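# Fold and geometry: a report
Each chain is listed here by its residues.
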Amino acid sequence: MGIIDTIKGVTSHLPGIRRPERYSLYDMFMEEYAWALTTPDKHMGKLQTYYDAFDQNVWVRRCCMVTCDEMLSEGFKINNPNKDQVNYERVNYLTDLFNAPAGKYAEETFSSMIKQIVPSWKVTGDAFIEVNHDKVFDNVPNGFKFIPTELMGFNHDVGAWCIRNTNHIFEPENLIHIYEPKIQIRGSKWGTSLIDTIAQNITLEVLGMNHNKDIFENHGLDPRGVLNFDKDLEPNVVKANIARLKKQKNKKGLIAVQGGNYQQTNNSNKDMEFLELIRYSRDCIITMFGVPPHKVDIIETASLGNGTGESQDKNFGKVINSNCKVIEDAFNKNLGRSGFEEVFEIIREDHENKLNRAEIEDKKLRNGTTFINEVRTGYGLEPVDWGNVPMNYSQYAIAASPENLDQSVLITPQDNTEKDLQKSIILERLQGMY
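Residues numbered from 1 in each chain as written. Predicted model: local features only at pLDDT ≥ 70, side-chain atom pairs only at ≥ 80, totals over all residues. Heavy atoms only, no water.

### A word on empty space enclosed by the protein
How we decide: Two kinds of site are reported from a 1 Å grid over the protein atoms alone, namely cavities, where a 1.4 Å probe fits but cannot get out, and pockets, open sets with protein on both sides within 12 Å along at least five of seven lines, and residues are called lining when an atom falls within 4 Å of a point. Grid points are joined across faces, edges and corners, and a volume is the space filled by probe spheres set on the points. Each helix corresponds to a stretch of at least 4 residues labelled H or I by DSSP, and each strand to a stretch of at least 2 residues labelled E; elements are numbered beginning at the N terminus. Residue polarity follows a fixed list, in which Ala, Val, Leu, Ile, Met, Phe, Trp, Tyr, Cys and Pro are nonpolar, Asp, Glu, Lys and Arg are charged, and the others, Gly among them, are polar.
One pass over the full model with this rule turns up 2 cavities of 30 Å³ or more. A volume near 30 Å³ is recorded for the second largest cavity. Taken together, Pro101, Glu108, Thr109, Met113, Gln116, Phe144, Lys145 and Phe146 form the lining of the second largest cavity. The set of elements that each furnish at least two residues to the lining of the second largest cavity consists of helix 6 (110–124) and strand 5 (140–147). It is strand 5 that provides the largest number of residues to the lining of the second largest cavity, a total of 3 residues. Per-class residue counts for the lining of the second largest cavity are 4 nonpolar, 2 polar and 2 charged.

So, in structure tokens, the structure goes:
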């Protein structure tokens, strides 16, 4: 496939209107085949178990949604960390590409794409995104299309991914595969699902809920009550009363029987074991997804997990950073194949790192190891004329350099000069950050 060889080539051959559906193997397949013709399996197994875990288990779905919400809270950005000058044409094109991944006339957005990628990646272990290229403009990427895992298969004859049970083969540059890698050699092309690890816990929860549901639907009688008939009562009378109670399903009210006593009982040990089973299953799920309890709205008198809420948020921030890095690397690798030096980055909300960065930069500026323009470049700000020489704070002056030794002018210190200088630099830095 031809790619963009130079930056100039990228700049001069960008399509005005992207129409990725014209080159989409996914759209071609959906036009030719009905949904029922596909085989929903992964590594010779069905995926319905994964989908049921996501659709029917509140904690699995909530953990996925929390992860998506954290990723989407700050949006994304496109930049080129290796260049001082920004090519706004390429940046704007890639920004539009991610904001409308399937084109201007499709419903897909960046948010909806992330909300498909993350659950598919975490629940099934794999997430596939088709990359469409414009055949006219040097095969520039012009669209992304999420493909459900159940449609994908690996063709071992040609060593490439394909639409399952068809001859639609994906070239490496046309597919992004985000997955949880395996450590064994068998089936290593596929990712491993988190559900496989917690499947037994989810199964126990479902079986326990079904068991108690059957008890609660026991023909309207309280499962914690005992109905005792007199031993001398005729059998036909007992049967008549039981038949009458069966007709009154799920009706609360007065139980009137002749020669019978009704006794209310308390919670049994089995009932308490079921509640503990529910909590155990819940804790295993949120632990597997790495989500703090308060993020999934678990509020209890005792604190779940170690540390305070602040420390749990800090640890969860590391989990989000790792998840973002996996998705970013997959997309940036594909963009690099097409000649783009710009990178896609999901913005993380990390005030602690921003504060540490500001403090480190302030110390470097004070001891003269960095320049103002170096700091400004890190925030995407334009350089200033006076920002290419180190600042000597100890003498309240601009340090002399070989080029401006004769022209260096000492700044006469006034009252509160140092504080005013510090304040102006900090305010300028904060404006760039926020």
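### Looking at the pattern of salt bridges
Put simply, the rule reads: We count a salt bridge whenever a side-chain nitrogen from Lys or Arg sits within 4 Å of a carboxyl oxygen from Asp or Glu. Throughout, exposure labels follow a simple rule: accessible area from a 1.4 Å probe, protein chains only, divided by the maximum for the residue type, with under 20% read as buried, over 50% as exposed, and the rest as partly exposed.
In this structure the tally under the stated criterion is 10 salt bridges. With a closest N to O distance of 3.4 Å, aspartate 69 and lysine 115 form a salt bridge. Here the residue aspartate 69 occupies a position in helix 4 (residues 58–72), and lysine 115 occupies one in helix 6, the gap between them amounting to 46 residues. With relative accessibility at 33%, the residue lysine 115 sits in the partly exposed group.

### Remarks on the packing of aromatic side chains
For clarity, the cut-off: Aromatic rings from Phe, Tyr and Trp, taking only the six-membered ring of Trp, are treated as a pair when their centres fall within 6.5 Å; an angle between ring planes under 30 degrees marks them as stacked, one over 60 as edge-to-face, and anything in between as tilted. Working rule: Lys NZ or Arg CZ, within 6 Å of ring centre, within 35 degrees of ring normal, means a charge sits over the ring.
Counted by the stated rule, this structure contains 13 aromatic pairs. The interplanar angle of 85° and the centroid separation of 4.9 Å between the aromatic rings of tryptophan 161 and tryptophan 190 together place this pair among those described as edge-to-face. Taken as a pair, tryptophan 161 in strand 7 (residues 160–163) and tryptophan 190 in the loop between strand 8 (175–179) and helix 7 (194–216) lie far apart in primary sequence, 29 residues in all. A relative accessible area of 7% means that tryptophan 190 is categorised as buried. Through pairs of rings, three or more aromatic residues link up here, namely Phe76, Phe98, Phe110, Phe144, Phe331 and Phe344. Its end group placed over the ring of tryptophan 121, lysine 122 keeps NZ or CZ at 4.1 Å from the ring centre.

### Description of the sheet that holds strand 8
We apply this condition: A strand pair is defined by DSSP finding two or more bridges across the two strands. Axis geometry follows a simple rule: fit a line to the C-alpha atoms, using only the stretch in contact for helices, then measure angles between N-to-C directions, giving values from 0 to 180 degrees.
Spatially, 5-4-8 is the arrangement adopted by the 3 strands of the open sheet, whose pairing is antiparallel. Only two strands of the sheet have a single neighbouring strand rather than two, namely strand 5 and strand 8. Ignoring strand direction, the axes of neighbouring strands in this sheet form an average angle of 25°. Bridge count for strand 4 (residues 126–134) against strand 8 is 5 bridges, and the pairing is antiparallel.

### Digging into the nonpolar core
Cut-off, in case you're wondering: Put simply, a nonpolar core is a bunch of buried Ala, Val, Leu, Ile, Met, Phe, Trp, Tyr and Cys residues held in one set by side-chain atoms that sit within 4.5 Å of each other. Only heavy atoms enter the contact rule, under which two residues are in contact if any of them lie within 4.5 Å.
In terms of nonpolar packing, the biggest core is built from 55 residues, with Phe98, Ile117, Phe144, Ile178, Phe289, Phe331 and Phe344 touching the most fellow members. The biggest single contributor to this core is helix 4, with 8 residues. Setting aside its immediate chain neighbours within four residues, isoleucine 178 contacts Ile117, Trp121, Gly125, Asp126, Ala127, Ile129, Val326, Ile327, Ala330 and Phe331. Listed in part, the 12 residues of the second largest apolar core include Phe128, Trp161, Leu175 and Trp190.

### Quick word on the side chain of serine 193
Definition in use: Two N or O atoms count as a polar contact when they lie within 3.5 Å, although within protein this holds only if one can serve as hydrogen donor and the other as acceptor, and sequence-adjacent residues are included solely when both atoms are side-chain atoms.
Along the chain, serine 193 turns up in the loop between strand 8 and helix 7. There is a polar contact of 3.0 Å between the side chain of serine 193 and the backbone nitrogen of isoleucine 195. In this structure serine 193 touches Tyr50, Lys122, Val123, Thr124 and Gly125, once residues within four positions along its chain are discounted.

### So, the environment of aspartate 126
With respect to the helices, strands and loops of the structure, aspartate 126 is situated in strand 4. A sequence separation of 65 residues divides aspartate 126 from glycine 191, and the C-alpha atoms of the two residues are 5.4 Å apart. In this structure the side chain of aspartate 126 is engaged in a polar contact, spanning 2.7 Å, whose partner is the backbone nitrogen of glycine 191.

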